[in-house]
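Chain and residue survey
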Amino acid sequence: MRNRRPADRRRQGAALLVTLMILAIVIILAAQLSSSTRTAAVLSTNYTADLQNYHALRAGVNYAVMMLRTDAGKGVTEDTLHETWAEPYGESNPLMVGDTQVTFRVEDEERRLSARSITVQVQEDGKPVTKPNPKARDRMDRLVLLLGVPFGNFGQAIVDYQDTDKEGEFEDGDDDLPLLSFGEMLLVKGFTEEVMYGKGGSDPHEQGLAPWLTVWGSGAVNINTAPLEVLMCLHEKITKPEAEKLIAYRDAKKQDGTFQSFAQIDKAVLMNDLRMAEDIADVLVEVAKEGALGVKGTQFSVFLRARTGNFESRARVVLKRDGANVTVLFWDDDQRFTRMVEKQ
């Protein structure tokens, strides 16, 4: 047999090497294509689920709007925790929007202390000027002290952020404008995420200020829905036992089986039905006359959760109710606040 020439062997070796290189490139491209296909499939699934969740959340908001409109149609002057809108919806029987489950809860913003009411707008020389509201500032400071949040002069920090003067300990970088969203409070000097959201524990002293503050609402705390901590902050004379009397009264049932409520801040009711001392009753009436205490809600937060398969979305939507007219003021996807409020 005749031996192949060295040149032929070299050409065959080169062809083999080129073939192997092409094969390697094809394998790499195939692997990348497979990976890209899987990634695209995951992204497509997530996008579809996110889109389904978003529209399901909107359906939940519409349901909450309907509940608030129905409640307004009853002609009742006060808002309480025993009304239909105040009950968590869908925990045992979720609202189904296609394959998506929706649950939500509604809270009136007047159950919280208003960070916007800490300042008031007045006219000076024909121009609007924002001035501090000392009583509202004191309530903020009592809340911080009560919860043990590490933020001295918290009330003044909120004042300096919103007032129009340049005098104050916390004036650096302030906007001199009213707070427009809850997340904006992180721009207030000294206001950290730990101050706002706490350490994540279930104890009130570990939850930060988020569950007890709002930048919405009328500024008048709803005596029918406010939690113990907020009621105690209304005035230095309202101690824990006095606040517990208010809660016990609104949680008690009448002879007809319906729950009691405060239709107005009435001194006679406070003294006769709640057995409050006259000076405490006078304090509550005074706070009501000031405009810092009321019996109803005007703006409401809807805390929603939608789940499609293993994909979950949450949102907080703020609604304004004016009679039977209910409109959306704000849509917030800040899930930290949603989860924090759910711990209450």
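So, a few notes on the structure that sits alongside this text. Model, not experiment: these values are computed from the prediction.

**Concerning the pattern of salt bridges**
Close approach of charged atoms allows side chains with opposite charge to pair. One pass over the full model with this rule turns up 15 salt bridges. Ionic pairing is found between glutamate 312 and arginine 305, a salt bridge with its closest N-O pair at 4.0 Å. Look at the salt bridges and you will find they share partners, linking Arg105, Glu107, Glu109, Arg111, Arg112 and Arg316 into a network.

**With respect to the nonpolar core**
Judged by nonpolar contacts, the single largest core of 58 residues is most densely connected at Phe154, Met185, Phe191, Leu209, Leu213, Leu246 and Leu270. In terms of residue count, helix H8 (residues 278-290) provides more of this core than any other element does, six residues in total. Setting aside anything within four residues of it in sequence, one finds phenylalanine 154 in contact with Met140, Asp141, Val144, Met185, Phe191, Leu209 and Leu213. Counting residues in hydrophobic clusters, the runner-up holds 21 residues, among them Ala64, Trp85, Leu95 and Val302.

**With respect to helix H6 (residues 240-251)**
Counted at 1.5 Å a residue, the expected span for H6 with its 12 residues is 16 Å, and the 16 Å between its end C-alpha atoms agrees. Residues of H6 that are buried in the fold lie against helix H5 (228-233), helix H7 (267-272) and H8.

**Observations regarding the side chain of aspartate 108**
Note that aspartate 108 resides in strand E2 (residues 100-108). No salt bridge is formed by the buried aspartate 108; the nearest opposite charge belongs to arginine 111, separated by 4.5 Å. A polar contact is formed between the side chain of aspartate 108 and the side chain of asparagine 222, at a distance of 3.1 Å. Side-chain polar atoms of aspartate 108 contact the side chain of threonine 225, separated by 2.9 Å. In this structure aspartate 108 touches Trp85, Asn222, Thr225, Gly297, Gln299 and Phe300, once residues within four positions along its chain are discounted.

**A closer look at helix H3 (residues 154-162)**
Three or four residues apart is the spacing at which side chains of an α-helix point the same way, because the helix has 3.6 residues per turn. The buried fraction of H3 amounts to eight of the nine residues, a majority that puts the element mostly inside the structure. Among the residues of H3, those classed as buried are Phe154, Gly155, Ala157, Ile158, Val159, Asp160, Tyr161 and Gln162. In the core, the buried residues of H3 are packed alongside strand E4 (119-124), strand E5 (127-132), helix H2 (134-147) and strand E6 (213-214).

**Describing the sheet that holds strand E9 (residues 299-308)**
Reading across from one edge, E1-E2-E9-E10-E11 is the order of the five strands in this open sheet, with antiparallel pairing throughout. Both outer strands of the open sheet, strand E1 (95-97) and strand E11 (325-332), are each paired with one neighbouring strand and no more. The sheet shows a mean angle of 30° between the axes of neighbouring strands, direction not considered. Pairing of E2 with E9, which is carried by eight bridges, proceeds in the antiparallel orientation. Among the inter-strand pairings, glutamate 107 is bridged to a residue of E9, identified as serine 301.

**Here's the deal with the layout of surface pockets**
Empty space within the largest pocket amounts to approximately 250 Å³. What lines the largest pocket is a set of 18 residues, among which Ser114, Arg116, Ser117, Ser218 and Gly219 lie closest to the centre. For the lining of the largest pocket, the elements supplying multiple residues, two or more each, are strand E3 (113-114) and H2. Ranked by residue count, the leading element in the lining of the largest pocket is H2, at three residues.

**Some remarks on the packing of H2 against H3**
Closest axis-to-axis distance for the H2/H3 pair is 7 Å, and the angle between their directions is 135°. Taken together, the axis directions place H2 and H3 in an arrangement best described as oblique. Side by side, H2 and H3 meet where Arg137, Met140, Asp141 and Val144 of the first sit next to Phe154, Gly155, Gln156 and Val159 of the second. The class makeup of the residues in the contact of H2 with H3 is four nonpolar, two polar and two charged.

**Quick look at the pairing of E11**
As judged from the seven bridges shared by strand E10 (residues 311-322) and E11, these two strands associate in the antiparallel manner. Considered in E11, the bridge of leucine 319 is made with valine 328. In this structure, the hairpin formed by E10 and E11 is closed by a connection of two residues, where glycine 323 is found at a positive phi of approximately 70°.

What counts and what doesn't
Residues numbered from 1 in each chain as written. Predicted model: local features only at pLDDT ≥ 70, side-chain atom pairs only at ≥ 80, totals over all residues. Heavy atoms only, no water. Salt bridge = Lys/Arg side-chain N within 4 Å of Asp/Glu carboxyl O. Core = buried A, V, L, I, M, F, W, Y, C linked by side-chain atoms within 4.5 Å. Buried < 20%, exposed > 50% of the residue type's maximum accessible area, 1.4 Å probe, protein only. Helix = DSSP H or I, 4+ residues; strand = E, 2+ residues; numbered from the N terminus. Contact = heavy atoms within 4.5 Å. Expected span 1.5 Å × (residues − 1). Lys, Arg positive; Asp, Glu negative; His and termini not counted. Polar contact = N/O pair within 3.5 Å; in protein donor to acceptor, adjacent residues only side chain to side chain. Pairing = 2+ DSSP bridges. Axes fitted to C-alpha atoms, helices over the stretch in contact; angles between N-to-C directions. 1 Å grid on protein atoms, 1.4 Å probe; cavity = no way out; pocket = protein on both sides within 12 Å on 5 of 7 lines; lining within 4 Å. Points joined across faces, edges and corners; volume = space filled by probe spheres on them. Parallel < 35°, antiparallel > 145°, perpendicular 65-115°, else oblique. Nonpolar A, V, L, I, M, F, W, Y, C, P; charged D, E, K, R; others polar.

By themselves these figures say nothing about function.
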